Amino acid sequence: MTTSDLPAEGQPEMSTEGTEAPFDDVITLSTSTDEDGVVTVKVVGEVDTFTAPVLRSTLDGQLEQSPRELVIDLSGVQFLGSAGLAVLVETQKSARSREVALRLIATTRAVTRPLEVTGLIDLFTIADSTAR
């Protein structure tokens, strides 16, 4: 054993083997359709580089069905990173080209703050609940 193998003085030894959580432990997506044909995708967890592709795939799949309106419920999101912002912008463009109304439900600072700081908040219709 070399000194580089030893934990820092006063620090417990921590193994990093097997501690990477799979992306599905970090984000949960659920989809529902109401009687008016409005599709809601509820997102819970963190939207970052690792989970954004899963969100993108789900949203793209819903847009392919050409719903009347797509609602992305972000009220359960604890972190929205740049990759997540990119997915939202791409989804907005895709929805607009398909003439599908898009609405975000953003009730937490973890979601509204990144949208405000980047100036992207003006691209979206933002609601604070699923009620219209």
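The rules behind these values
Residues numbered from 1 in each chain as written. Predicted model: local features only at pLDDT ≥ 70, side-chain atom pairs only at ≥ 80, totals over all residues. Heavy atoms only, no water. UniProt positions renumbered as here; feature names shortened; annotations may be inferred. Helix = DSSP H or I, 4+ residues; strand = E, 2+ residues; numbered from the N terminus. Areas by Shrake-Rupley, 256 points an atom, 1.4 Å probe, with all protein chains shown as cover. Axes fitted to C-alpha atoms, helices over the stretch in contact; angles between N-to-C directions. Parallel < 35°, antiparallel > 145°, perpendicular 65-115°, else oblique. Contact = heavy atoms within 4.5 Å. Nonpolar A, V, L, I, M, F, W, Y, C, P; charged D, E, K, R; others polar. Salt bridge = Lys/Arg side-chain N within 4 Å of Asp/Glu carboxyl O. Buried < 20%, exposed > 50% of the residue type's maximum accessible area, 1.4 Å probe, protein only.

If you look the protein up in an unreviewed UniProt entry, it shows as Anti-sigma factor antagonist from Blastococcus aggregatus. Heading Sequence similarities (unreviewed entry) of the UniProt record for the protein holds this comment: "Belongs to the anti-sigma-factor antagonist family."

Student: Just give me the short version of the overall build of the protein, but keep the residues and values in it.
Tutor: If you tally the helices and strands in the protein, you get three helices and five strands. If you list the helices and strands of the protein from N to C, you get β-β-α-β-α-β-α-β. By element, 49% of the accessible surface of the protein is carried by carbon and sulfur atoms, the whole surface being about 8,100 Å².

Student: I'd love a proper account of the packing of helix 1 (residues 52-64) against helix 2 (residues 82-97), names of residues and values included.
Tutor: Orientation of helix 1 relative to helix 2, taken along the N-to-C sense of each, is 10°, at an axis distance of 9 Å. In terms of orientation, helix 1 and helix 2 fall into the roughly parallel class. For the pair formed by helix 1 and helix 2, the contact residues are A52, L55, R56, L59 and L63 on the first element and A83, G84, A86, V87, E90, T91, S94 and A95 on the second. Looking at the contact of helix 1 with helix 2, its residues break down into eight nonpolar, three polar and two charged.

Student: Please set out the pattern of salt bridges residue by residue, giving values where relevant.
Tutor: Tallying each qualifying case throughout the model produces three salt bridges. Among the ionic pairs, R56 bridges to E90, the shortest N-O distance being 2.7 Å. Taken together, the residues span a long stretch of sequence, with R56 in helix 1 and E90 in helix 2 at a distance of 34 residues. For R56, a relative accessible area of 30% puts it in the partly exposed group.

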